[in-house]
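Observations on chain architecture
Read off the chains here:
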Amino acid sequence: MDGQLKRVLVVDDDQTAAAFVQAALEQDKYEVVGVSDGLAGLSHARQELPDLIILDVYMPRQPGFYTLRDLKDDPKTKNIPVIMLTGVGKRLGITFSTQDIYDFLDIEPDVYLEKPVDPMYLRKVADRLLKQKTEDRGQRTEDRGQRTEDRGQKTEDRGQKTE
């Protein structure tokens, strides 16, 4: 990473789980902020634009699935990577996948993880998503530079035709 603190928003009503994520990520120079429900997470994400969001599924006020949908529908937050981290599958004896979430909402998180998760694995996934986000942003900048270069070439070509 680039040495600057990466901001992570943890949206989880389980304070023990939120503290676990915070302890796991702050070791790697992440700045972690937690909120306890989906609506508060959505509001915080829109105001602060974190680099990464870690989102629980089952929460009061607004479940994580709907928070994910609202995040991905909002132009300001749609490109923020989201990890869904939940224990609801184990509690209910069912499993979810990113495909299940996509089938349900027509969107999907970047990564879906079941609690409990190994802290080193969580850091690795967060690092990978943030690195990918940085590379994607660099690619878009490179693409814009190429389009500018192409326009300059077309202008130059027109100039040659008039000579």
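A few points on the structure. Along every chain, residues carry numbers that run from 1 in the direction the sequence is written. Local features in this predicted model are restricted to residues of pLDDT 70 or higher, and side-chain atom pairs are both shown and tallied only at a pLDDT of 80 or more, whereas totals for entire chains, interfaces and linings draw on every residue. In computing side-chain values, all of the structure's heavy atoms are included and hydrogens and water are not.

1. Here we look at the sheet that holds strand 3 (residues 52-55)
Here is the rule: Pairs of strands are assigned from DSSP output, requiring at least two bridges between the strands. Helix numbers and strand numbers start at the N terminus; a helix is a DSSP run of H or I with at least 4 residues, a strand a run of E with at least 2. The axes are straight lines fitted to the C-alpha atoms, using for helices just the contacting stretch, and the angles between their N-to-C directions are given from 0 to 180°.
Read from one edge of the open sheet, 5 strands run 2-1-3-4-5, paired in parallel fashion. A single partner strand is all that each edge strand has here, and the edge strands are strand 2 (30-35) and strand 5 (111-114). Each neighbouring strand pair of the sheet contributes to a mean axis angle of 20°, computed without reference to strand direction. Pairing of strand 1 (residues 6-11) with strand 3 involves 4 bridges; the strand directions are parallel.

2. Overview of the environment of L68
Examined against the element boundaries, L68 turns out to sit in helix 3 (residues 64-73). It is 8.0 Å that separates the C-alpha atoms of L68 and I107, two residues lying 39 residues apart in sequence.

3. A few points about the nonpolar core
Taken as a class, soluble globular proteins show a tendency for nonpolar side chains to be buried jointly. Put simply, the test is: Side-chain atoms within 4.5 Å link the members of a nonpolar core, which is a set of buried Ala, Val, Leu, Ile, Met, Phe, Trp, Tyr and Cys residues. Note on classification: 1.4 Å probe, protein chains only; a residue is buried when its accessible area is under 20% of the maximum for its type, exposed when over 50%, partly exposed between these limits. The contact criterion used throughout is that any non-hydrogen atoms of two residues lie within 4.5 Å.
One finds V8, L25, L52, I54, I83 and L122 to be the most contacted residues of the largest nonpolar core, which totals 20 residues. Broken down by secondary-structure element, the contributors of at least two residues to this core are strand 1, helix 1 (15-26), strand 2, strand 3, strand 4 (82-86), strand 5 and helix 6 (119-162). In terms of residues, this core owes the most to one element, helix 6, which gives 5 residues. In this structure V8 touches L25, Y30, E31, V32, V33, L52 and I54, once residues within four positions along its chain are discounted. If you look at the next biggest cluster of nonpolar residues, it comprises 17 residues, including V35, I53, I80 and M84.

4. A closer look at unusual backbone geometry
For the peptide bond that leads from K115 to P116, omega is -10°, which places it in the cis range. Among the structural elements, P116 can be located in the loop between strand 5 and helix 6. Residue L49 is not a glycine yet carries a positive backbone phi of 50°. Tracing the backbone shows L49 in the loop between helix 2 (38-48) and strand 3. Of note in the backbone geometry, R61 takes a positive phi value of approximately 70° without being a glycine. Relative to the elements of secondary structure, R61 occurs in the loop between strand 3 and helix 3.

5. A short note on helix 1
Using the following cut-off: In this analysis, the expected span of each helix is defined as 1.5 Å times one less than the number of residues it contains. Picture the helix axis, draw a direction to every C-beta atom, and the arc is the one those directions span. Pairing of N or O atoms within 3.5 Å defines a polar contact, subject to two protein rules: one partner must be a possible hydrogen donor and the other a possible acceptor, and residues neighboring in sequence count only if both atoms are side-chain atoms.
For helix 1, spanning 12 residues, the distance from its first C-alpha to its last is 16 Å, which sits close to the expected 16 Å at 1.5 Å a residue. Three or more residues of helix 1 are buried, namely A17, A18, V21, A24 and L25. Mapping the buried residues of helix 1 onto a view down its axis gives an arc of 130°, with all of them on the same face. Among the exposed residues of helix 1, those oriented more than 90 degrees off its buried face are Q15 and T16. Taking the backbone nitrogen of T16 as reference, a side-chain oxygen 2.9 Å away marks D14 as the first, capping residue of helix 1.

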